[in-house]
Amino acid sequence: MRKILLTLFISAAALLYAAPILFMVFSSFKPDNEVLVGLTSGRFFAADLSWQNYADVFNRVSFGRYLFNSLFITLSVVLLGLVVNSLAGYAFARLHWFGHKALFGLVLALMIIPFEAIAVPMFYQMSYLGWRDSYLVQILPFVANAFSIYLFYTFFIGLPKEFEEAARVDGAGTFRIFTSLILPNSKPAFASVTILTFLMQWGTFLWPLMVTSGERVRPLPVAVAQFQTLPPLQWGDIMAFGVMMVAPVMVIFLLFQRWFVAGIAATGTKG
């Protein structure tokens, strides 16, 4: 009976969290006049499914451009971040050099500082450098990430040291050990950091809103907010825009779900 009750509770909680996404998906196929009616009447399915809302999105705005901007910015941050943060995590976990503990403590302290607290100073800095309204201003400040460094650190510090010591005896250098020994055994950590960084960067809204002024480099989160203000107000089109914005995140998570769970479990039990 306890297992049955637990299963029912978990199922109800999952349905509660999934309800907004399901409503958005079903509403994206409805005519505009049925979207809000379905919200009050409980009719989630449309009588006649139609792809017109999706076609309207592409006709009303440059959705392809916004999608490319988000993909390019997010993938650049993810790939560059994997290189920079993994190297930093390895240096803190495996290498012993003067001041590494103090510097690692500073990195951990950065995790508690909200981005909103440094957004304005960073904005003036980027303006001084002349990087506003560009891809660079949306990529470079977010490559190094304190939380990603910490995740790599907690994973690397739990790996057996015997193989690394044997490799040094055979004459392997630090970089060779990292690329040939550490990386092949760290797939769960890399998968976890990849998904977390992708999710965080894909949904970033405040910073792109501050530093972009046109659709040339504007990502999807800012574009969907602007799309909601375009006349006429079409709720079906807005729902279709939201579905196309969420779909890449769902695909990434489903592809890397197994490694993500393994990585979170591993990094959460070490350090």
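In case you missed it, the structure is sitting above this.
These lines cover the structure that appears in this document, whether it is placed above or below. (Residues numbered from 1 in each chain as written. Predicted model: local features only at pLDDT ≥ 70, side-chain atom pairs only at ≥ 80, totals over all residues. Heavy atoms only, no water.)

### Examining the overall build of the protein
Looking only at helices and strands, the protein has 14 helices and zero strands in total. Start at the N end of the protein and walk to the C end: the helices and strands fall as α-α-α-α-α-α-α-α-α-α-α-α-α-α. With the C-alpha coordinates aligned to their principal axes, the bounding extent of the protein is approximately 70 × 65 × 30 Å. Out of the 271 residues in the protein, the part that is buried amounts to 39%. Long-range contacts, defined as pairs at least 24 residues apart, comprise 77% of the intrachain contacts of the protein with a sequence gap of at least 6. (Helix = DSSP H or I, 4+ residues; strand = E, 2+ residues; numbered from the N terminus. Buried < 20%, exposed > 50% of the residue type's maximum accessible area, 1.4 Å probe, protein only. Contact = heavy atoms within 4.5 Å.)

### A word on helix α6 (residues 115-129)
Its 15 residues place the ends of α6 20 Å apart at the C-alpha level, agreeing with the 21 Å of an ideal helix rising 1.5 Å per residue. The complete set of buried residues in α6 reads Ala 119, Met 122, Phe 123 and Met 126. Within two residues after α6, Gly 130 carries a phi angle of roughly 75 degrees, on the positive side. (Expected span 1.5 Å × (residues − 1).)

### Here we look at the pattern of salt bridges
Tallied over the entire structure, the rule returns one salt bridge. In this structure, Arg 60 and Asp 237 form a salt bridge, with 3.1 Å as the shortest nitrogen-oxygen distance. Within this pair, whereas Arg 60 is found in helix α3 (residues 52-60), its partner Asp 237 is found in helix α14 (residues 235-267), the two being separated by 177 residues in sequence. Taking relative accessible area as the criterion, Asp 237 reaches 3% and is therefore assigned buried. (Salt bridge = Lys/Arg side-chain N within 4 Å of Asp/Glu carboxyl O.)

### Points about the packing of aromatic side chains
According to the stated counting rule, one finds 22 aromatic pairs in the structure shown. Look at Tyr 90 and Phe 156: their rings are 6.3 Å apart centre to centre, the planes differ by 80 degrees, and that puts the pair in the edge-to-face class. In this pair, Tyr 90 sits in helix α4 (residues 63-94) while Phe 156 sits in helix α8 (residues 146-156), placing the two residues 66 residues apart along the sequence. When sorted by exposure, Tyr 90 lands in the same class as Phe 156, which is buried. Judged by centre distance (5.1 Å) and plane angle (35 degrees), the ring pair of Phe 227 and Phe 241 falls under tilted. Of this pair, Phe 227 sits in helix α13 (residues 220-227) while Phe 241 is found in helix α14, placing the two residues 14 residues apart along the sequence. Side by side, Phe 227 and Phe 241 carry an identical accessibility label, which is buried. (Phe/Tyr/Trp six-rings, centres within 6.5 Å; stacked < 30°, edge-to-face > 60°.)

### Here's the deal with the nonpolar core
With 48 residues, the main nonpolar core has Val 57, Phe 156 and Phe 241 as its most contacted residues. Top contributing element to this core by residue count: α14, with nine residues. Dropping the residues within four chain positions of it, Phe 241 is found in contact with Val 57, Val 61, Phe 63, Leu 220, Ala 223, Val 224 and Phe 227. Counting 13 residues, the second largest nonpolar core, distinct from the first, contains Val 77, Tyr 135, Val 137 and Val 211. (Core = buried A, V, L, I, M, F, W, Y, C linked by side-chain atoms within 4.5 Å.)

### Examining unusual backbone geometry
Peptide bonds are, in most cases, trans, and in most cases residues other than glycine have a negative phi. Here the bond from Pro 231 into Pro 232 is cis, since omega is -5 degrees, no more than 30 degrees from zero. By the element assignment, Pro 232 lies in the loop between α13 and α14. At Asp 133, a residue that is not glycine, the phi angle is positive and equals roughly 55 degrees. Locating Asp 133 in the fold gives a position in the loop between α6 and α7 (136-139).

### With respect to α13
In an α-helix, one full turn covers 3.6 residues, which means residues spaced three or four apart are oriented alike. Summarising burial for α13: six of the eight residues are buried, a large majority. Within α13, burial applies to Leu 220, Pro 221, Val 222, Ala 223, Val 224 and Phe 227.

### Overview of the side chain of Ser 86
In this structure, Ser 86 sits in helix α4. By relative accessible area, Ser 86 is classed as buried at 2%. Here the side chain of Ser 86 touches Val 83 through a polar contact of 3.1 Å, landing on its backbone oxygen. Among all residues touching Ser 86, those that are not within four sequence positions of it are Gly 81, Phe 152, Phe 156, Phe 178 and Phe 190. (Polar contact = N/O pair within 3.5 Å; in protein donor to acceptor, adjacent residues only side chain to side chain.)

### Describing the environment of Trp 235
Locating Trp 235 in the fold gives a position in helix α14. Sequence separation between Trp 235 and Lys 30 is 205 residues; the distance between their C-alpha atoms is 9.3 Å. Among residues more than four places away in sequence, those in contact with Trp 235 are Asp 32, Val 35 and Leu 36.

### Quick look at the packing of α8 against helix α11 (residues 187-202)
Put simply, α8 and α11 touch, their axes get as near as 10 Å, and they point 165 degrees apart. Our classification of the angle between α8 and α11 gives roughly antiparallel. Between α8 and α11 lies a crossing whose hand is right-handed. Of the residues in α11, those touching α8 at Phe 147, Ser 148, Leu 151, Phe 152, Phe 155 and Phe 156 are Pro 188, Ala 189, Phe 190, Val 193, Leu 196 and Thr 197. Here the contact of α8 with α11 is built from residues that sort into ten nonpolar, two polar and no charged. (Axes fitted to C-alpha atoms, helices over the stretch in contact; angles between N-to-C directions. Parallel < 35°, antiparallel > 145°, perpendicular 65-115°, else oblique. Left-handed = near helix turned anticlockwise from the far one by under 90°. Nonpolar A, V, L, I, M, F, W, Y, C, P; charged D, E, K, R; others polar.)

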